[in-house]
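# Remarks on the overall topology
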Amino acid sequence: DTAVSQTPKYLVTQMGNDKSIKCEQNLGHDTMYWYKQDSKKFLKIMFSYNNKELIINETVPNRFSPKSPDKAHLNLHINSLELGDSAVYFCASSISGGGAQYFGPGTRLLVL
Amino acid sequence: RKEVEQDPGPFNVPEGATVAFNCTYSNSASQSFFWYRQDCRKEPKLLMSVYSSGNEDGRFTAQLNRASQYISLLIRDSKLSDSATYLCVVNPRSNDYKLSFGAGTTVTVRA
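What comes next concerns the included structure. Worth saying up front: this structure is predicted, and the values here are computed from it rather than measured. (Residues numbered from 1 in each chain as written. Chains lettered and ligands numbered in written order. Predicted model: local features only at pLDDT ≥ 70, side-chain atom pairs only at ≥ 80, totals over all residues. Heavy atoms only, no water.)

So, about the overall build of chain A. Across its full length, chain A holds zero helices and eleven strands. The C-alpha radius of gyration computed for chain A amounts to 13 Å, which stays within 12% of the reference 13 Å derived for 112 residues, consistent with globular compactness. Taken over the C-alpha atoms alone, chain A extends approximately 35 × 30 × 25 Å along its principal axes. Among the 112 residues that make up chain A, the fraction classed as buried is 47%. (Helix = DSSP H or I, 4+ residues; strand = E, 2+ residues; numbered from the N terminus. Rg over C-alpha atoms; globule rule 2.2 N^0.38 Å. Buried < 20%, exposed > 50% of the residue type's maximum accessible area, 1.4 Å probe, protein only.)

Listed below in structure tokens is the structure:
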């Protein structure tokens, strides 16, 4: 009965590869988010979708492309991975704008 | 000035002690306020929302001071399991989907 789930939990890959992270929520929320938390532990919003529509698109390299097939799923595809992409990526969801967000367990990405 | 600022700590307290810390926010129009806790290598988890009149959840009490633009969290009778980083989270614009996260306050409860 996991609320927000992400796969994979760990991802170790070489520079230049392309990888995807998947997120699913069963809370019935209509908004989903991707955050990046780097080694300094600061959480930075990357993207947000509301009912499959992109509503937040922060200054993120265009190598990162989110996709929301439906309001319960939000995926993140990363092309041409770089060393600086190493971080923990968290998916989150909320019922509406301004409301509390609920986070997935995170995907730990290490680019070698 | 950052939208949300927190004392990073660490606050090292013995079991059973009371610990309290604040978080300041820059936008006076901010509407929603939350405290999250994050354990090492885990996801942030909602601890409590913060309401205008202040609210309590067991050993945890949150207060909002709009005049001085800060929120506080007080933990009574600290347990070892309270050791974590506490994130102050603010919605700076009404119904905005983007929340502003503080960098966190680290609390360590020792036996």
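On to the sheet that holds strand β7 (residues 64-70) of chain A. Residues and elements named next belong to chain A. In space, the four strands of this open sheet follow the order β1-β3-β8-β7, with antiparallel pairing throughout. In this open sheet, the two strands that pair with only one neighbour each are β1 (4-7) and β7. Each adjacent strand pair in this sheet contributes to an overall mean axis angle of 20 degrees, direction not counted. Pairing geometry for β1 and strand β3 (residues 19-25), over four bridges, is antiparallel. Bridging from a neighbouring strand, Val4 pairs with Gln25 of β3. (Pairing = 2+ DSSP bridges. Axes fitted to C-alpha atoms, helices over the stretch in contact; angles between N-to-C directions.)

Once that is clear, we can look at the sheet that holds strand β8 (residues 70-75) of chain B. Residue and element names in this part refer to chain B. If you walk across this open sheet you meet the five strands as β1-β3-β8-β7-β6, and the pairing is antiparallel. Each of the sheet's edge strands pairs with one partner strand only, and the pair in question is β1 (4-6) and β6 (55-57). Neighbour to neighbour, the strand axes of the sheet diverge by 20 degrees on average, direction disregarded. Relative to strand β7 (residues 60-65), β6 is paired through three bridges, and the arrangement is antiparallel.

The general pattern is negative phi for most residues beyond glycine and trans for most peptide bonds. Cis geometry marks the peptide bond from Thr7(A) to Pro8(A), where omega comes out at -5 degrees. Mapped onto the elements of the fold, Pro8(A) is located in the loop between β1 and β2 (10-13). In this structure, the amide linkage connecting Gly9(B) to the following residue, Pro10(B), adopts the cis form with an omega of 10 degrees. By secondary structure assignment, the location of Pro10(B) is in the loop between β1 and β2 (11-14). Not every positive phi belongs to a glycine, and Lys52(A) is a case in point at roughly 75 degrees. Looking at the element boundaries, Lys52(A) is found in the loop between β5 (43-50) and β6 (53-57). Even without being a glycine, Arg41(B) presents a positive backbone phi close to 65 degrees. Positionally, Arg41(B) belongs in the loop between β4 (32-38) and β5 (45-50).

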